[in-house]
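Single-letter residue listing:
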Amino acid sequence: MTSTSTSEPQPVSWHASGEWTDIRYETTDEPGGSIAKITICRPEVHNAFRPQTLVEISHALELAREDETVGAIILTGEGERAFCSGGDQRVRGDSGYKLDEGSTGRFHVTDLHVQMRRCPKPIVAMVAGWAIGGGHVLHLVCDLTIAADNARFGQVGPRVGSFDGGYGAGLLADLVGPKKAKEIWFLCRQYDAAEAERMGLVNTVVPLAELEATTVQWCREMLALSPWALRLYKLSVNAHEDGYAGIQQLAHDANLLFYGNAEAQEGRNAFREKRTPDFGQFPRRP
Ligand SMILES: CC(C)(COP(=O)(O)OP(=O)(O)OC[C@H]1O[C@@H](n2cnc3c(N)ncnc32)[C@H](O)[C@@H]1OP(=O)(O)O)[C@@H](O)C(=O)NCCC(=O)NCCSC(=O)c1cc(O)c2ccccc2c1O
């Protein structure tokens, strides 16, 4: 177990909002910014996700992104037995997971992974119990993972007729190395929290009773830091990993910053005032 924080964890009070069937969306209200928590509430299936669950997580993530008070987002599962056990096998059709009986199957999780990568705020997986299959990939896509000592990680795809060759392959190989990643996928073993920490799969492991306090403490430490610096760092890492899509997001954030600059504003103002822009007043920085 590792920790760099010396201060005692402060109690947290959550405020739930929204109408949901599969998740809960909560925020804290504290000085210095708030934390959003998205909880998958399907403990009867170890928090397996069906399409409705993913639609709701996506909506909640958008709320957290748009809320300018929110500085960090926690993704977790209800109860102590599971973070998430992946796709709900009961609604797995012959061409993906089905929103309802009559619908055509598809993979709603594809778009959610991209949305999580694009979210400019840190997302922290808070894992107790099982993080299996698509649930394991969900924690991989989060920026940080705090695990309880009862957490168990693994991929089951090849055992149940599936695989994730997207982030579930690439990010895993980057984290633990290609040989270990192939072992995880080829053998479908389960790994306890200590082994996951040794592999670099999680950031820290804490006693189950301290899971939420530690996760909140990590979020509070990020809330005290520069939001722009955190944002641009996340996008910089993604720019390397996500190719053109990652570069585009980082570049557009550079544009966002440039819009706040007098040089960019001179161009806009000159157009509005129907005059020639005077860019000569700005230094050509070495
Ligand atoms: C997670 C387990 C290892 C836990 O085992 P344990 O023995 O502790 O618990 P039970 O097996 O008794 O489970 C309790 C209860 O929950 C039900 N349940 C568990 N997981 C699921 C699930 N994923 N879907 C539906 N139901 C589930 C279980 O049936 C029990 O219910 P009862 O009514 O019988 O009491 C173990 O449960 C396990 O291995 N679960 C299956 C994990 C699994 O198959 N996950 C799906 C993998 S595929 C996937 O997630 C996936 C999703 C995508 O959207 C993709 C998209 C694109 C590419 C790939 C994708 C992908 O691979």
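None of the values given here were measured: they were computed from a predicted structure.

Taken together, 21 residues lie around the ligand, and Ala-48, Gly-86, Gly-87, Gly-133 and Gly-134 are the ones closest in. Secondary-structure elements contributing two or more residues to the shell around the ligand are strand 9 (130-132) and helix 4 (157-160). When its residues are assigned to classes, the shell around the ligand shows nine nonpolar, nine polar and three charged.

A separate point is the sheet that holds strand 2 (residues 23-28). Taken in spatial order, the seven strands of this open sheet run 1-2-3-4-8-10-13, and their pairing is mixed. Strand pairing shows two members of the sheet lacking a second neighbour, strand 1 (14-17) and strand 13 (204-206), which therefore form its edges. Across the sheet, the axes of successive neighbouring strands diverge by a mean angle of 25°, strand direction being ignored. Direction of pairing for strand 1 relative to strand 2: antiparallel, over a ladder of four bridges. Note on strand 2: the bridge partner recorded for Ala-16 is Glu-26.

A pair of packed helices can be characterised by two numbers: the angle between their axes and the separation between those axes. Interhelical geometry of helix 3 (residues 134-141) versus helix 5 (residues 167-176) gives an angle of 55° and a closest axis separation of 9 Å. Classified by the interaxial angle, the pair formed by helix 3 and helix 5 is oblique. The crossing of helix 3 and helix 5 is left-handed. Of the residues in helix 5, those in contact with Val-137, Leu-140 and Val-141 of helix 3 are Tyr-167, Gly-168, Leu-171 and Leu-172. Looking at side-chain class alone, the contact of helix 3 with helix 5 contains six nonpolar, one polar and no charged residues.

Let us look at the sheet that holds strand 11 (residues 152-154). Within the open sheet, the four strands sit side by side as 5-9-11-12. Their pairing is mixed. At either end of the open sheet lies a strand with only one pairing partner, and these are strand 5 (82-84) and strand 12 (191-192). The sheet contact formed by strand 11 and strand 12 spans two bridges and is antiparallel. Bridging from a neighbouring strand, Phe-153 pairs with Tyr-191 of strand 12. Sitting on the sheet, helix 3 touches strand 5, strand 9 and strand 11, and the angle it makes with strand 9 is about 95°.

Time to look at helix 8 (residues 211-223). The periodicity of an α-helix, 3.6 residues per turn, causes residues three or four positions apart to be oriented the same way. Counted at 1.5 Å a residue, the expected span for helix 8 with its 13 residues is 18 Å, and the 18 Å between its end C-alpha atoms agrees. Taken together, the buried positions of helix 8 are Leu-211, Glu-212, Thr-214, Thr-215, Val-216, Trp-218, Cys-219, Arg-220 and Leu-223. Where helix 8 is buried, its residues meet strand 3 (34-40), strand 4 (70-77), strand 8 (123-127), strand 10 (144-148) and strand 13.

Right, let's get into the confidence of the model for the chain. On average, residues of the chain carry a pLDDT of 95, and 97% of them reach 70 or more. Reported for the predicted complex are a pTM of 0.95 and an ipTM of 0.98.

In this section: the UniProt feature "site: Important for catalysis" (unreviewed entry) in the chain. With numbering matched to this structure, UniProt assigns "site: Important for catalysis" (unreviewed entry) to Tyr-97 and Tyr-259. For this annotated set, covering 163 residues, the C-alpha atoms extend up to 42.5 Å from each other, a dispersed arrangement in space. Structurally, Tyr-97 is set in strand 7 (residues 96-97). Ignoring anything within four residues of it in the chain, the contact list for Tyr-97 reads Arg-50, Pro-51, Gly-87, Asp-88, Val-91, Arg-92, Gly-105, Phe-107 and His-108. Tracing the chain through its elements places Tyr-259 in helix 9 (residues 227-259).

Calculation notes
- Residues numbered from 1 in each chain as written.
- Predicted model: local features only at pLDDT ≥ 70, side-chain atom pairs only at ≥ 80, totals over all residues.
- Near = placed C-beta within 6 Å.
- Helix = DSSP H or I, 4+ residues; strand = E, 2+ residues; numbered from the N terminus.
- Nonpolar A, V, L, I, M, F, W, Y, C, P; charged D, E, K, R; others polar.
- Pairing = 2+ DSSP bridges.
- Axes fitted to C-alpha atoms, helices over the stretch in contact; angles between N-to-C directions.
- Parallel < 35°, antiparallel > 145°, perpendicular 65-115°, else oblique.
- Left-handed = near helix turned anticlockwise from the far one by under 90°.
- Contact = placed C-beta atoms within 7 Å.
- Expected span 1.5 Å × (residues − 1).
- Buried ≥ 20, exposed ≤ 12 C-beta atoms within 10 Å, placed from the backbone.
- pLDDT = per-residue confidence, 0-100.
- UniProt positions renumbered as here; feature names shortened; annotations may be inferred.

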